[in-house]
Amino acid sequence: MIRGPKKSVSVLMPLNLYERVKEQAKIKDRSIPGYIRQVLKRYLWYVENEPEALTGEWEIR
């Protein structure tokens, strides 16, 4: 469980992206919000620690 202050956010995404996230969450035995938190946490780790690894479509401009 995440400790400390929390902030609720809402994300609007295309249905096909939602279905892909839903399937991956199911495979990893996580809730959809829990899976999205992990994806964001890992992406931000790379941005902060291994930015050179984020090339091509991983690079957000």
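Along each chain, numbering runs from 1 in the same order as the chain's sequence is written. The predicted nature of this model means local features are confined to residues of pLDDT at least 70 and side-chain atom pairs, given and counted, to a pLDDT of 80 or more, with totals for whole chains, interfaces and linings taken over all residues. Based on all heavy atoms of the structure, the side-chain values leave hydrogens and waters out of the count.

## Observations concerning the overall build of the protein chain
In DSSP terms, a helix is any run of H or I states spanning at least four residues, a strand is any run of E spanning at least two, and both are numbered starting from the N terminus. A tally of regular secondary structure across the protein chain gives 2 helices and 0 strands. It is over C-alpha atoms that the radius of gyration is taken, and the globule rule equals 2.2 Å times the number of residues to the power 0.38. In terms of overall dimensions, the protein chain is more spread out than a globule: its C-alpha atoms have a radius of gyration of 13 Å, far above the 10 Å expected for 61 residues. By its C-alpha atoms, the protein chain is 35 × 30 × 20 Å across when sized along the principal axes. The buried label goes to any residue with under 20% of its type's maximum accessible area, the exposed label to any with over 50%, and the partly exposed label to all in between, with areas taken from a 1.4 Å probe on protein chains only. For the protein chain, with 61 residues in total, the buried portion stands at 11%. Accessible areas in this description were obtained via Shrake-Rupley with a 1.4 Å probe; residue shielding takes into account the shown protein chains only. Surface accessibility of the protein chain: about 6,100 Å² in total, with carbon and sulfur atoms responsible for 56%. Once the 12 positive and 8 negative side-chain charges of the protein chain are each reduced to a mean point, those two points are 10 Å apart. Neither His nor the chain ends contribute to the count of charged residues, in which Lys and Arg are positive and Asp and Glu negative. Taken as the charge centre is NZ of Lys, CZ of Arg, CG of Asp or CD of Glu, depending on the residue.

## Considerations on the packing of aromatic side chains
Whether two aromatic rings pair depends on their centres lying within 6.5 Å, for rings of Phe, Tyr and Trp, where Trp uses its six-membered ring; planes under 30 degrees apart make the pair stacked, over 60 edge-to-face, and the rest tilted. Considering all chains together, one arrives at 1 aromatic pair under this definition. Relative to Tyr46, the ring of Trp45 has its centre 5.1 Å away and its plane inclined at 85°; by these criteria the two rings are edge-to-face. For Trp45, a relative accessible area of 42% puts it in the partly exposed group. Owing to a relative accessible area of 39%, Tyr46 belongs among the partly exposed residues under this scheme.

## Side note on the packing of helix H1 (residues 15-27) against helix H2 (residues 32-49)
Interhelical geometry of H1 versus H2 gives an angle of 95° and a closest axis separation of 9 Å. On the basis of their axis angle, the class for H1 and H2 is roughly perpendicular. Residues Tyr18, Val21, Lys22, Gln24 and Ala25 of H1 touch H2, and the partners they reach there are Ile32, Tyr35 and Ile36. For the contact of H1 with H2, the class distribution of residues is 6 nonpolar, 1 polar and 1 charged. Axis geometry follows a simple rule: fit a line to the C-alpha atoms, using only the stretch in contact for helices, then measure angles between N-to-C directions, giving values from 0 to 180 degrees. Every angle not falling under 35 degrees, over 145, or within 65 to 115 is termed oblique; those three ranges are roughly parallel, roughly antiparallel and roughly perpendicular. Between two residues, a contact is recorded if the distance between any of their heavy atoms is within 4.5 Å. For this classification, the nonpolar set comprises Ala, Val, Leu, Ile, Met, Phe, Trp, Tyr, Cys and Pro, the charged set comprises Asp, Glu, Lys and Arg, and every other residue, Gly included, is treated as polar.

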